[in-house]
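If you want the building blocks of each chain, they are given just below.
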Amino acid sequence: MASALLSDDIEELARRAVEENLAASRRVALAESCTGGLVTAALTEIPGSSKVLDRGFVTYSNEAKFELLGVSNEIIETFGAVSIACVWAMAQGALERSQADVAVAISGVAGPDGGSDLKPVGTVVFARVVRGETGDPEGELRNFGNVGRAEVRRQATLCALELLLP
């Protein structure tokens, strides 16, 4: 019987995220699309995560991004769901709809289908918003390459957990 649900690297980074946010008295929220809740699941593998994790939103469809996080249809129509503008709005929506101090959002093209010339398979965008900070939220675009759906999601989960570190 497996002792851990997730790989060692994900579990170790999730442990750091829980411990360091606990030490900083920070609560976190996630807004996940292509990772489908993997980041939230990774955090909940760690004992004591209930003191850190406020909530996770799995907003796989554009409708869910709009209904649960308040992402405007204009952002999705203009920039697409896999865009810095969309994940900024997702992170902001997660922060506004939670008791968290920091929110991280993830959206991407895990493959094997759905890629385009502008956003090939393996393209994932991230944003982090911290309550009370002024200015633009932090955003990042990564291209993990067409390395397979599971590996894109694994790499995206690791990147999002890093963004949760204080």
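Below: a short report on this structure. Values in this document were obtained by computation on a predicted structure and should not be read as measured data.

1. Section: the sheet that holds strand β1 (residues 28-32)
In spatial order, the strands read β2-β1-β3-β4-β5; together these five strands make up an open sheet with mixed pairing. Strand pairing shows two members of the sheet lacking a second neighbour, β2 (53-58) and β5 (138-143), which therefore form its edges. Neighbour to neighbour, the strand axes of the sheet diverge by 15° on average, direction disregarded. Contacting β1, β2, β3 (102-108), β4 (123-130) and β5, helix α5 (residues 84-96) runs over the sheet at an angle of about 40° to β4.

2. Some remarks on helix α3 (residues 62-69)
Listed in full, the buried residues belonging to α3 are A64, K65 and L69. Here the buried residues of α3 occupy an arc of 105° about the axis, which is enough to place them on one side. Turned more than 90 degrees away from the buried face of α3 sit E63 and E67, all of them exposed. Here the buried face of α3 lies against β1, β2, α4 (73-79), α5 and β3.

3. Some points on the nonpolar core
Residues L30, L43, I106, V124, F126, L161 and L164 are the most contacted members of the largest nonpolar core, which totals 32 residues. Elements represented by at least two residues in this core include exactly α1 (8-23), β1, α2 (38-44), β3, β4 and α6 (149-164). Within the second largest apolar cluster, 22 residues are counted, among which are A31, L69, V71 and V109.

4. A word on the pairing of β4
Across the eight residues of β4, eight count as buried, placing the element largely inside the fold. In the sheet, β3 pairs with β4 via seven bridges, with the strands oriented antiparallel. Bridge pairing in β4 places A105 opposite A127. Where β4 meets β5, six bridges bridge the pair, whose relative direction is antiparallel. The residue bridging V124 from the neighbouring strand is R142, located in β5.

Rules behind the numbers
Positions within a chain are numbered from 1, following the residues in the order the chain's sequence is written. Local features in this predicted model are restricted to residues whose pLDDT is 70 or higher, and side-chain atom pairs enter the listing and the counts only when it is 80 or higher, whereas totals over whole chains, interfaces and linings include all residues. Neither water nor hydrogens contribute to the side-chain values; these are computed over all heavy atoms in the structure. Paired strands, in this sense, are two strands between which DSSP finds at least two bridges. Put simply, DSSP H or I for four residues or longer makes a helix, DSSP E for two residues or longer makes a strand, and each gets a number counted from the N terminus. Fitted lines through C-alpha atoms serve as axes, helices being fitted only where they are in contact, and the angles separating the N-to-C directions of these axes extend from 0 to 180 degrees. Any two residues whose heavy atoms approach within 4.5 Å are treated as being in contact. Each residue is placed in one exposure class: buried if its accessible area under a 1.4 Å probe, protein chains only, is under 20% of its type's maximum, exposed if it is over 50%, and partly exposed if it falls in between. Here the arc refers to the set of directions running from the helix axis out to each C-beta atom. Here, nonpolar core refers to any group of buried Ala, Val, Leu, Ile, Met, Phe, Trp, Tyr and Cys residues whose side-chain atoms link them within 4.5 Å.

These results come straight from atomic positions and should not be treated as a statement about function.
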